[in-house]
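# Examination of the molecular architecture
Chain by chain, the residues run as shown.
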Amino acid sequence: MCFKNLPIEFDAQGKPFLRAGIADPYGPSSAGPRGAPAQLTAERIEDLLKRNGYIRDLDFDPVTRVAGALAFHTVADFQGRKVLEARSMATLFRGYEVIMIGRDPRDAIFITSRACGVCGGVHSVTSAMAIEMAIGCVPAPLGILIRNIALALEFLYDHPLHLHLLAGPDYSAAMVGPTNPSLLARARSAEAPHAEIHGFRTIGELMEDLNPLSGKLYLEALHMTRVAREAYVLICGKYPHPQTIVPGGMSSTVTLTVMNEMFIRLAQFFDYSKKLAAIWDDLTEFFYEANPAYKQVGARRANLIDTGIFDHPDAYDATYAGATAWGERRWATPGVIMDGQLVTTDLHALNIGIEEFVEHSYYEEWSGSGQRQRFPTDPVGNPLSPYHPWNKVTKPRPQGQNWKEKYTWDTAPRWDRQAMEAGAYARLWNTAVARKLPANPFIEATGTSLKLRLPKGALPELELEWKVPAVWNAFERNRARAYCTGFTALVALNNWLSAMDRLKQGDTRTSTPFEIPKRGEQRGVGFWGAGRGFLTHHMTLDRGAVANYQIVTPSTWNASPTDRWQQPGPYEEAVLNTPLLEETDDPAKFKGIDILRAIRSFDPCMPCTTHIHSDAGVITREVNTCACGVDDEGG
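Read on for a plain summary of the structure. (Residues numbered from 1 in each chain as written. Predicted model: local features only at pLDDT ≥ 70, side-chain atom pairs only at ≥ 80, totals over all residues. Heavy atoms only, no water.)

Let us look at the pattern of salt bridges. As enumerated under the stated definition, the model contains 39 salt bridges in all. The salt bridge involving E85 is made with R87; its shortest N-O contact spans 3.3 Å. Across this residue pair, the class does not change: E85 and R87 are buried. Two residues, R481 and D158, come together in a salt bridge whose shortest N-O distance is 3.9 Å. Separated by 323 residues along the polypeptide, R481 in helix α16 (residues 474-504) and D158 in helix α5 (residues 141-167) bring together distant segments of the chain. In this structure R481 comes out as buried when scored by relative accessible area, which is 3%. When salt bridges that share partners are traced, they join R300, R301, E421, R477 and E573 into one network. (Salt bridge = Lys/Arg side-chain N within 4 Å of Asp/Glu carboxyl O. Buried < 20%, exposed > 50% of the residue type's maximum accessible area, 1.4 Å probe, protein only. Helix = DSSP H or I, 4+ residues; strand = E, 2+ residues; numbered from the N terminus.)

In structure tokens, the structure reads:
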């Protein structure tokens, strides 16, 4: 494996080293990605807007999410039915990295969990892992298994929330009818191929039950999120910000009774996973057949990154030196997919390839030519960029919005200088093609697919197969998320069985005692994941206190702005490639449904309020994905 853009090469033994003979190897003029799409210049866009009446600004502001407010600026060509400019804007500064400076590292478990109001547990575990690495604390095997189960349950909450409370309404009769009436008419007579699994005779019936608040699928998803939360609190104390995740494992008291109560709830997801996969298979194939142009909605290069998740208790030793070995034994394999091809599963290579840039972000640069780099290498001697999270310093600098300069509070993380996408689907893709899964009776990686053997419930036992897609777009993100529900449930089942074996043998220890060192400097990183993918916490300790703390979330990758090489972030690239397929020639009646499908496929979560502004006027639509209300259009 080699980097194409970073100045890093590998010797015959696979050891990375910095290429010699380069005066400023990571400098601003160094090589950027080749073949990446580029934004049009601000001057070119301004000229098009002046000369062409059919080219207009189109702003989605705000697109709010639990993890922070998002706005989106576009310039649309209504004659060519395409988007010419796309700018993703994180509109709030959150500052967890600043809050953590000087604190006891154990505080990070509880403070950083507030980075998200849905998936706090993933931040708690990632923080605990960073601490474990820094202080040399190996969790108890049962604690590792319980962590895996807890986070799987968190995902079983998150996946239905995304699919049928957020993304689902965009494919419902309430939305398809006003934007594409001929498509809804066709759906009403189109037979659903998997009716025997999900129970809907036609695609039209399925779309009706995706309607927010009134639809059966919407209400069922609300119920399933409650089931997942009930199981979660049995071992985590509360949801969403758990109290039982600690360095060294879990502080939970785990008994056979607790495990059985948890299984009763977990088992409900076996049938539900079968239904989700069948529903999103049928929806996806219907849209493709009705109009192949839907394959371009949210399309972008298949550049995906994931740290992997769900550790094996016989492998995880909490050390950075051992990360390559224990990472590859995870239930979800770490990896980087570049242009659809797996290029590495090595957590060291994944880590040293990360950089963060702030050219278009409301931050000051912390690195420059001639400045001393705090950590030129990682703990095992591999080269690090001055833009790596261990070297980053968060220096907020609020200012006015300017497309040529600063326009977002998000940074631009890149791997090998490429705009990478995070998602649950990266988890599936890496695991399917790497074929490094632990031996088990339920999940099989074939090299081109994942086979999921879901046990019998009310529905018979069923083998699902998620296949690496030939195209990459909004529909495939949602389809993969549906299959990831089954994958997650089976990972939980495997870990539940292992935990039961340990309990029956009398192994009830869930944590390892530890002490925070009060002298010297230590580094750690938590490699973990959220429902929507990649998550890392990079931490530096100095005399027992946090000296630096950097969080890179899935949304940091996905919502990232255009970088120094004019390469758009994933949201931006996906929207740039999205055709405008609504059945209207009047920009004043344009609702932006395909652009919203592209953005939401990356997993915006909880209430989402979208105000659409165009030169033709202002359209305000409330898009609620919780039970607190919905507009007349069903958003």
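Let's shift gears to α16. With 31 residues, α16 ought to run about 45 Å at 1.5 Å a step, and its terminal C-alpha atoms sit 45 Å apart, in line with that. Two or three places before F475, at the start of α16, stands the capping residue N473, its side-chain oxygen 3.0 Å from that residue's backbone nitrogen. Among the residues trailing α16, G506 stands out with phi positive, at a value near 90 degrees. (Expected span 1.5 Å × (residues − 1). Polar contact = N/O pair within 3.5 Å; in protein donor to acceptor, adjacent residues only side chain to side chain.)

This part takes up the nonpolar core. Residues M207, M259, L283 and F287 are the most contacted members of the largest nonpolar core, which totals 182 residues. Ranked by the residues each element gives to this core, the list is headed by α16, at 16 residues. Once residues lying within four places of it in the same chain are set aside, the contact partners of F287 are Y171, V176, L183, M207, Y294, F475 and R597. Counting 5 residues, the second largest nonpolar core, distinct from the first, contains I45, L48, I55 and L84. (Core = buried A, V, L, I, M, F, W, Y, C linked by side-chain atoms within 4.5 Å. Contact = heavy atoms within 4.5 Å.)

Let's shift gears to the sheet that holds strand β9 (residues 335-338). With antiparallel pairing, 3 strands are arranged side by side in an open sheet as β8-β9-β10. On the outer flanks of this sheet lie β8 (304-306) and β10 (341-344), each paired with one strand and no other. Mean inter-strand twist for the sheet, computed between neighbouring axes without regard to direction, equals 25 degrees. Across the sheet, helix α15 (residues 424-434) lies against β8, β9 and β10, angled at about 85 degrees from β8, the strand it touches most. (Pairing = 2+ DSSP bridges. Axes fitted to C-alpha atoms, helices over the stretch in contact; angles between N-to-C directions.)

Right, let's talk about the packing of aromatic side chains for a bit. Scanning the model with the defined rule gives 31 aromatic pairs in all. Where F286 meets F287, the ring centres are 5.8 Å apart and the plane angle is 85 degrees; that geometry is what we call edge-to-face. Pair check on accessibility: F286 and F287 agree, each one buried. R477 extends its terminal NZ or CZ atom over the ring of F602, reaching a point 4.0 Å from the ring centre. The ring of F375 has R523 lying over it, and the distance from NZ or CZ to the ring centre is 4.0 Å. (Phe/Tyr/Trp six-rings, centres within 6.5 Å; stacked < 30°, edge-to-face > 60°. Lys NZ or Arg CZ within 6 Å of the ring centre and 35° of its normal.)

Residue placement: N473 occurs in the loop between β15 (462-467) and α16. Using a relative accessible area of 0% as the deciding quantity, one classes N473 as buried. Along the backbone, N473 and A302 are 171 residues apart, and their C-alpha atoms lie at a distance of 8.9 Å. Ignoring anything within four residues of it in the chain, the contact list for N473 reads Y288, Y294, K295, V297, G298 and A299. Here Y288 takes part through its side chain, which lies 3.1 Å from a polar atom of the side chain of N473. Of the polar contacts made by the side chain of N473, one reaches the backbone oxygen of K295; its length is 2.9 Å.

With that out of the way, let us pick up the packing of α5 against α16. Running from amino to carboxyl end, α5 crosses α16 at an angle of 155 degrees, the nearest separation of the two axes being 8 Å. Considered as vectors, α5 and α16 are oriented roughly antiparallel to each other. The two elements α5 and α16 meet at a crossing, and its hand is left-handed. (Parallel < 35°, antiparallel > 145°, perpendicular 65-115°, else oblique. Left-handed = near helix turned anticlockwise from the far one by under 90°.)

Buried within helix α7 (residues 181-189) we find L183, L184 and A187. On an axial view of α7, the arc spanned by its buried residues comes to 100 degrees, and they lie on one face. Contact partners of the buried residues in α7: α6 (173-179), α9 (203-208) and α12 (268-290). (Arc of directions from axis to C-beta.)

Two numbers describe how α5 lies on α12: the axes approach to 12 Å, and their chain directions differ by 30 degrees. Here α5 lies roughly parallel to α12, going by the angle between them. As for how α5 packs across α12, the hand of that crossing is left-handed. Residues L156, P160, L163 and H164 of α5 touch α12, and the partners they reach there are F269, Y272, L276, I279 and W280. Tallied by class, the residues present in the contact of α5 with α12 amount to 8 nonpolar, 1 polar and no charged. (Nonpolar A, V, L, I, M, F, W, Y, C, P; charged D, E, K, R; others polar.)

In terms of burial, strand β16 (residues 521-530) is a largely internal element, 9 of the 10 residues being buried. Alignment of β16 against strand β17 (residues 533-542), held across 10 bridges, turns out to be antiparallel. Along β17, the bridge assignment pairs E521 with D542. Joining the antiparallel neighbours β16 and β17 is a turn of 2 residues.

Remember, this is a structural readout, not a statement about activity or role.
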